[in-house]
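Each chain, letter by letter, is given below.
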Amino acid sequence: MSASSDPTRCPLCGQSNQCTQTDSSRPGEECWCFTTEIDPAALERVPPQDIDRACLCPRCAQALPPDAPS
Ligand SMILES: [Zn+2]
């Protein structure tokens, strides 16, 4: 078991993926990923063992740089 298999964390950057599907305090709530277009290149970078297990975070899903200063 490795840390990269944590279903609450983005497999690409390790940040919280903010997925409501893994958050027991928000049952039935739609995840942001249902309405956000996921960059296909980002999906290709997901390790095979994490596909269908850990969600991307919103930034990686849209190919944005992590934690860009505002
Ligand atoms: Zn990420």
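The coordinates are above.
Residues numbered from 1 in each chain as written. Predicted model: local features only at pLDDT ≥ 70, side-chain atom pairs only at ≥ 80, totals over all residues. Heavy atoms only, no water.

S.K.: Can you break down the state of the cysteines residue by residue, with the values?
M.R.: Enumeration over the complete set of coordinates arrives at zero disulfides. Free cysteine: Cys33, not disulfide-bonded; nearest cysteine sulfur from Cys31 at 3.3 Å. Among the cysteines around Cys55, which has no disulfide bond, Cys19 carries the closest sulfur, lying 3.4 Å off. (Disulfide = S-S within 2.5 Å.)

S.K.: Go over the coordination of the zinc ion, please, and point to the residues and values.
M.R.: Protein coordination at the zinc ion: the donors are Cys10 (SG), Cys13 (SG), Cys57 (SG) and Cys60 (SG), at 2.2 to 2.4 Å from the metal. Considering all four donor atoms around the zinc ion, the spread of angles at the metal, 103 to 121 degrees, places the coordination shape in the tetrahedral class. Assessed through its relative accessible area of 31%, Cys13 is described here as partly exposed. (Donors = N, O, S within 2.8 Å, 3.2 Å for Na, K, Ca; no water. Tetrahedral: all angles 85-135°; square planar, octahedral: opposite > 155°, others 65-115°. Buried < 20%, exposed > 50% of the residue type's maximum accessible area, 1.4 Å probe, protein only.)

S.K.: I'd like to hear about the layout of surface pockets, residue by residue, with values.
M.R.: Taken as a whole, the largest pocket holds about 170 Å³ of empty space. Grouping the constituent residues of the lining of the largest pocket by class yields nine nonpolar, no polar and two charged. (1 Å grid on protein atoms, 1.4 Å probe; cavity = no way out; pocket = protein on both sides within 12 Å on 5 of 7 lines; lining within 4 Å. Points joined across faces, edges and corners; volume = space filled by probe spheres on them. Nonpolar A, V, L, I, M, F, W, Y, C, P; charged D, E, K, R; others polar.)

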